[in-house]
Amino acid sequence: MIKVKRKKFDEIIDCIDRYNNILNVGCGGCASVCLGGGQKEVGILNEELRLYYEKKGEKKDIDAYTVERACNEKCFLDLPNVIEKGNYDAIITMCCSAGTQLIAEKFNKIPVYPAVDTIAIGIDRDIGLYEEKCRACGHCVIGYTGGICPITRCAKSLFNGPCGGTNKGMCEVNPNIPCAWYEIYNRLKEQNRLEDIKKIHPPVDWKNQIQRTVVQYGYEERYVNMDV
Ligand code: SF4
Ligand code: SF4
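Because the structure is predicted, anything quoted here is derived from the model rather than measured. (Residues numbered from 1 in each chain as written. Chains lettered and ligands numbered in written order. Predicted model: local features only at pLDDT ≥ 70, side-chain atom pairs only at ≥ 80, totals over all residues.)

**Concerning the domain arrangement of the protein chain**
You'll often see interface size given as the accessible area lost when the parts meet. We note that the domain assignment places domain 1 (2-121) and domain 2 (137-209) within the protein chain. Domain 1 and domain 2 are separated by 38 Å when their C-alpha centres are compared. (Domains from an automatic or database assignment.)

**Describing the nonpolar core**
Ranked by internal contacts, the top residues of the largest apolar core, which has 32 residues, are Val25, Ala31, Ala70, Ile91, Met94, Cys95 and Cys96. In terms of residue count, the dominant contributor to this core is strand 2 (residues 21-27) (4 residues). (Core = buried A, V, L, I, M, F, W, Y, C linked by C-beta atoms within 7 Å. Buried ≥ 20, exposed ≤ 12 C-beta atoms within 10 Å, placed from the backbone. Helix = DSSP H or I, 4+ residues; strand = E, 2+ residues; numbered from the N terminus.)

**What to know about the sheet that holds strand 4 (residues 90-94)**
Two pairing modes exist for strands in a sheet, parallel and antiparallel, and in both the strands are linked by backbone hydrogen bonds. Pairing is parallel in the open sheet, where 4 strands are placed in the order 3-2-4-5. The strands lining the two open edges of the sheet, one partner per strand, are strand 3 (61-67) and strand 5 (112-114). Recorded for the sheet is a direction-independent mean angle of 25 degrees between the axes of neighbouring strands. Examined bridge by bridge, strand 2 and strand 3 share 7 bridges and lie parallel to one another. Counted as the bridge partner of Asn24 is Ala64 from strand 3. Together, strand 2, strand 4 and strand 5 form the strand contacts of helix 1 (residues 9-16), whose direction differs from that of strand 4 by roughly 155 degrees. (Pairing = 2+ DSSP bridges. Axes fitted to C-alpha atoms, helices over the stretch in contact; angles between N-to-C directions. Contact = placed C-beta atoms within 7 Å.)

**Remarks on the site of ligand 1**
All residues in the neighbourhood of ligand 1 are listed as Cys134, Arg135, Ala136, Cys137, Cys140, Val141, Ile142, Cys149, Ile151 and Thr152. Of the residues in the shell around ligand 1, the class split is 8 nonpolar, 1 polar and 1 charged. (Near = placed C-beta within 6 Å. Nonpolar A, V, L, I, M, F, W, Y, C, P; charged D, E, K, R; others polar.)

**Considering the site of ligand 2**
If you check the shell around ligand 2, you find 14 residues, and the closest are Cys154, Pro162, Cys163, Cys171 and Cys179. In the shell around ligand 2, the residues fall into 10 nonpolar, 2 polar and 2 charged.

**A short note on the pairing of strand 6 (residues 116-126)**
Where strand 1 (residues 2-6) and strand 6 come together, 5 bridges link them in antiparallel fashion. Within the sheet, the bridge partner assigned to Lys5 lies in strand 6 and is Asp117. Relative to strand 7 (residues 129-134), strand 6 is paired through 5 bridges, and the arrangement is antiparallel. Among the inter-strand pairings, Asp124 is bridged to a residue of strand 7, identified as Tyr130.

**Details of the sheet that holds strand 1**
What the 3 strands build is an open sheet, ordered 1-6-7; its pairing is antiparallel. Here the strands that pair on one side only, and so sit at the sheet edges, are strand 1 and strand 7. Ignoring which end each strand starts from, the neighbouring axes of this sheet average 70 degrees apart.

**Topic: helix 3 (residues 39-56)**
The terminal C-alpha atoms of helix 3 lie 26 Å apart, and with 18 residues this matches the ideal 26 Å at 1.5 Å per residue to within 8%. For helix 3, every residue scored as buried is listed here: Glu41, Val42, Leu45 and Leu49. One side of helix 3 carries all its buried residues, which in axial view fall inside an arc of 100 degrees. Among the exposed residues of helix 3, those pointing more than 90 degrees away from its buried face are Lys40, Glu47, Leu51, Glu54 and Lys55. Contacts made by the buried residues of helix 3 are with strand 1, strand 2, strand 3 and strand 4. (Expected span 1.5 Å × (residues − 1). Arc of directions from axis to C-beta.)

Here it is in structure tokens:
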């Protein structure tokens, strides 16, 4: 899932300081699950903002609203009503940057500011502890690398074996982190398929350097006229 993390308080203040009537939009999907931007986190941020402005002797109205999922407009059908009724000067979002961009697109007359940073596609190691696992490169090779992503795990995102700096199983860029290719080697060895490490892969075609549109298998006909 996508992992988000709240921005520093000062950065949020810098975004909203000039507005008086603000809506904070949270997301009940990934942002909520990673404890970065669900209903609870929206409430906490709003309370901190309220106390901050109260201390300064300034009056600001900051409302809260959490949508089911911010990355699909069918999951926030009631948001237009909320925004119209509230007549807000600005929106802050605690959704991932994809959801934030969809909200900015739908309500393009109102300034939209993310109150969280979108950090990673990752897994949960524990409550509030996440580990990045994928950078959405667009051509997954982990079937050949023992289920370990060389793009995310290797500091140089190497596709074909370790660099010359791997040292006693640790990465030369950060000696506290195991070398990804050392781990890949061990995993493949354990599975008796070391021949996979010898397969040379062409250089990464960085498909994530341009915006991509994804049409799922089975849905091609539906979008046949789209240039994707
Ligand atoms: S190879 Fe690409 S798609 Fe696969 S896990 Fe790594 S970054 Fe993600
Ligand atoms: S030491 Fe290993 S993980 Fe680090 S950059 Fe080199 S190959 Fe990648």
